[in-house]
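Below, each chain spelled out in residue letters.
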Amino acid sequence: MTAAVRADARVHDVAGVGIGPFNLGLAALAAPLDLDTVFLDRAEEFRWHPGMMLEGATIQVPFLADLVTMADPTSPYSFLNWLKHTGRLYPFYIRESFYPLRAEYDAYCRWVADQLPALRWGRTVTSVEVDPHDDDLYVVHARTAAGVESYRTRHVVLGVGTQPVVPAALRGLDGPVVHSADYLTHRDALRAAASVTVVGSGQSAAEVYRDLLETTGPGGQRLDWVTRSPRFFPMEYTKLTLEMTSPEYTDHFHALPVDVRDCLTREQRNLYKGISADLVDDIYDALYRKSATGPVPTTLLTGTEVLGATWDGERYTLRLRHATGVEHERTTDALVLATGYAAQVPDVVLGIAHRLAWDDRGRLDVARDYSVDGGRRRVFVQNGEEHTHGLTAPDLGFGPWRSSAILAAVCGRDVYPREQRIAFQEFGVPTGTHPAPAGTVRAAGAVALADEAHP
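Remember, it's a predicted structure, so these values are computed and weren't measured experimentally.

All right, on to the overall build of the protein chain then. Helices and strands together make up the secondary structure of the protein chain, namely 13 helices and 17 strands. For 455 residues, the compact-globule formula gives about 23 Å, and the C-alpha radius of gyration of the protein chain, at 24 Å, lands near that figure. Based on the C-alpha atoms only, the size of the protein chain along its principal axes is roughly 75 × 70 × 50 Å. For the protein chain, buried positions account for 48% of its 455 residues. Excluding contacts between residues fewer than 6 apart, the proportion of contacts in the protein chain whose partners are at least 24 apart in sequence is 69%. For the protein chain, the computed accessible surface area is about 22500 Å², with 53% contributed by carbon and sulfur atoms.

Set out below in structure tokens:
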């Protein structure tokens with residue numbers, strides 16, 4: 001059900017759908033500008049990954065990767081300004097760590113949200129439609145406790161974020177299966193179970209395993225960790241690799257053929273979906289410490305894929321296959337799926353699907369400027385473009401750059417100057433390079449470097 005829209009109703013410059021960190025950052029950067037904005041979210045307040053708000057856990061990017069600093073270091077909505085206002089600037093300085101606590105980042109975002117009157121909480125967006133009075137405008141409909149509201153707007157920014165992923169082999173399971181997104185809600189019950197299996201290989205899996213490991217000991221709960229990855233790999237954090245979170249690499253990635261981009265997305269998982277090296281070492285140290293008093297009832301299984309599971313009312317039987325091809329079974333009383341998140345095209349845009357650009361796999365074909373409406377530059381996405389822009393899509397530090405690009409399209413000018421070249425390396429063929437003649441023989445001893453476009 002949608003509300004009737006009056007022809008003389010207020011027209012916003014921007015309507016944001018969803019208020020996660022990226023649209024929150026966009027709202028903060030838009031706040032000092034002469035723009036009429038509104039941002040809608042079904043939640044009653046800002047909460048960032050509440051199910052994984054483990055004590056002592058840090059975010060995996062430096063504090064400069066806040067909502068605004070990389071676009072406007074003078075913004076009053078910076079993390080450092082939050083530290084100053086809360087009396088924590090000097091303690092943070094003395095701590096000498098670039099990485100804020102996850103709870104600090106959440107509190108900082110809520111502090112920013114409390115200052116932005118453009119945010120509308122408790123609004124579940126139900127549809128986006130072309131304005132019936134002006135086909136150059138859109139109408140965003142939202143359901144509230146009091147009824148339906150409609151917002152006319154010149155631009156729409158989709159920032160609905162990612163959704164928890166459950167592998168096909170484990171969908172529809174009965175029993176106490178928990179996705180890591182809801183871990184804290186179920187932690188007490190999981191700790192009370194006789195055995196728990198964690199499935200996954202990234203940071204969330206490692207944090208859940210480490211948290212449960214703390215109460216595991218000789219004769220206690222059995223704790224297993226299963227991953228199909230060949231190892232529990234750390235997130236690569238070397239500086240030349242970090243240059244891939246740059247405008248240049250995003251340009252390079254966006255220009256590649258779709259098949260190559262999809263291949264690279266799979267190959268680059270360890271660049272941003274691995275485990276922090278400190279946590280890997282901490283897990284080993286905990287295992288070593290606990291083993292000093294007897295065998296630790298835990299098993300870490302690498303190269304192992306979960307083919308399926310059954311629940312008999314008391315425990316799960318997991319059907320597993322090792323990379324060698326050998327299949328086997330294990331039982332467990334509880335199951336935690338740390339199987340990640342993925343972007344999805346929200347149903348709310350189906351009413352304007354004819355105006356959006358799609359690839360041949362049913363995904364939004366996101367332009368380099370983050371628009372998805374075939375060059376009209378009226379509809380944009382945030383963190384829904386990993387398949388077109390690569391690893392900068394979910395990167396918190398690149399969020400302000402993307403917001404700056406969106407605001408440039410909205411305002412018709414670069415409000416916040418954007419760096420175009422920051423990397424020392426070239427990701428594609430250097431400009432001005434002359435192609436080698438066909439059949440050229442490489443000099444003896446020369447090292448051939450495989451270009452990413454030809455894996």
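This paragraph deals with the nonpolar core. Among the nonpolar cores identified, the biggest contains 48 residues, and Leu24, Tyr108, Val112 and Leu119 are the most heavily contacted of them. For this core, the secondary structure elements donating two or more residues are helix H1 (21–30), helix H2 (79–85), helix H4 (102–114), strand S3 (119–121) and helix H13 (399–411). Looking at this core, the element that brings in the most residues is H1, giving seven residues. The residues touching Tyr108, leaving out its near neighbours within four places in the chain, are Asp66, Leu67, Val68, Tyr77, Ser78, Phe79 and Trp82.

If you trace the three strands from one edge of the open sheet to the other, you get S12-S13-S14, paired in antiparallel fashion. Looking along the sheet, the strands with just one partner apiece sit at the ends: strand S12 (304–311) and strand S14 (327–332). On average, each strand axis in the sheet is tilted by 25° relative to the strand beside it, whichever way the strands run.

What follows deals with H13. For H13, which comprises 13 residues, the first-to-last C-alpha distance of 18 Å matches the rise-based estimate of 18 Å (1.5 Å per residue) to within 8%. Of all 13 residues in H13, 12 are buried, a share of seventy percent or more. Restricting attention to buried positions, one finds in H13 the residues Gly399, Pro400, Trp401, Arg402, Ser403, Ser404, Ala405, Ile406, Leu407, Ala408, Ala409 and Val410. Lining the buried residues of H13 we find strand S1 (11–17), H1, strand S6 (147–158), helix H8 (247–255) and strand S17 (379–381). One or two positions beyond H13, positive phi appears at Gly412, with a value near 75°.

Glancing now at the pattern of salt bridges. Tallied over the full model, the rule gives 29 salt bridges. With a closest N to O distance of 3.0 Å, Asp36 and Arg10 form a salt bridge. With Asp36 in the loop between H1 and strand S2 (37–41) and Arg10 in the segment before S1, this pair connects stretches of sequence that are 26 residues apart. Taking the relative accessible area as the measure of exposure, Arg10 reaches 51% and is therefore exposed. Two residues, Asp414 and Arg418, come together in a salt bridge whose shortest N-O distance is 2.7 Å.

Examined bridge by bridge, S12 and strand S13 (residues 316–322) share seven bridges and lie antiparallel to one another. Within S13, the position partnered with Trp311 by the bridge is Tyr316.

Taken together, the side chains of Tyr90, Tyr93 and Ile94 make up a nonpolar region of the molecular surface, amounting to roughly 430 Å² of accessible area. As for its position among the elements, Ile94 is in helix H3 (residues 89–95).

Once that is clear, we can look at unusual backbone geometry. Of note, Tyr370 is a non-glycine position whose phi angle comes to about 75°, a positive value. Here Tyr370 lies in the loop between strand S16 (341–343) and S17. Here Tyr370 falls in the buried class, since its relative accessible area comes to 1%. In the Ramachandran plot, Arg377 falls in the positive-phi region, its phi being about 60° despite a non-glycine side chain. Secondary-structure assignment places Arg377 in the loop between S16 and S17. Assessed through its relative accessible area of 35%, Arg377 is described here as partly exposed.

It is at 8 Å that the axes of H8 and helix H9 (residues 258–267) come closest, and there the two elements cross at 130°. Considering the angle they form, H8 stands oblique to H9. Of the residues in H9, those in contact with Tyr249, Phe253 and His254 of H8 are Arg261, Leu264 and Thr265. Residues belonging to the contact of H8 with H9 are distributed by class as follows: three nonpolar, two polar and one charged.

Glancing now at the packing of aromatic side chains. In the structure shown here, the tally under the stated rule is 17 aromatic pairs. Relative to Phe427, the ring of Tyr249 has its centre 5.0 Å away and its plane inclined at 80°; by these criteria the two rings are edge-to-face. A residue pair is termed long-range when its members are at least 10 positions apart, and Tyr249 in helix H8 and Phe427 in the segment after H13 qualify at 178 residues. Assigned by exposure class, Tyr249 and Phe427 land together as buried.

Turning our attention to the environment of Ala7. Looking at the element boundaries, Ala7 is found in the segment before S1. Residues Ala7 and Arg152, spaced 145 residues apart in sequence, show a C-alpha to C-alpha distance of 9.5 Å.

Taken in spatial order, the five strands line up as S8-S15-S9-S10-S11 in an open sheet, and their pairing is parallel. If you trace the sheet from one side to the other, it starts and ends with strand S8 (177–179) and strand S11 (298–301), each paired once. On average, each strand axis in the sheet is inclined to that of its neighbour by 15°, with strand direction left out of account. Where helix H5 (residues 183–192) meets the sheet, its contacts fall on S8, strand S9 (195–199) and strand S15 (334–337), and the angle it forms with S8 comes to roughly 145°.

A word on helix H6 (residues 203–213). Counting buried positions over the 11 residues of H6 gives 10, a clear majority of the element. Residues of H6 that are buried include every one of Gln203, Ala205, Ala206, Glu207, Val208, Tyr209, Arg210, Asp211, Leu212 and Leu213, and no others.

Definitions and limits used
- Residues numbered from 1 in each chain as written.
- Predicted model: local features only at pLDDT ≥ 70, side-chain atom pairs only at ≥ 80, totals over all residues.
- Heavy atoms only, no water.
- Helix = DSSP H or I, 4+ residues; strand = E, 2+ residues; numbered from the N terminus.
- Rg over C-alpha atoms; globule rule 2.2 N^0.38 Å.
- Buried < 20%, exposed > 50% of the residue type's maximum accessible area, 1.4 Å probe, protein only.
- Contact = heavy atoms within 4.5 Å.
- Areas by Shrake-Rupley, 256 points an atom, 1.4 Å probe, with all protein chains shown as cover.
- Core = buried A, V, L, I, M, F, W, Y, C linked by side-chain atoms within 4.5 Å.
- Pairing = 2+ DSSP bridges.
- Axes fitted to C-alpha atoms, helices over the stretch in contact; angles between N-to-C directions.
- Expected span 1.5 Å × (residues − 1).
- Salt bridge = Lys/Arg side-chain N within 4 Å of Asp/Glu carboxyl O.
- Patch = residues over 30% accessible without salt bridge, like charges linked within 9 Å, V, L, I, M, F, W, Y side chains within 5 Å.
- Parallel < 35°, antiparallel > 145°, perpendicular 65-115°, else oblique.
- Nonpolar A, V, L, I, M, F, W, Y, C, P; charged D, E, K, R; others polar.
- Phe/Tyr/Trp six-rings, centres within 6.5 Å; stacked < 30°, edge-to-face > 60°.

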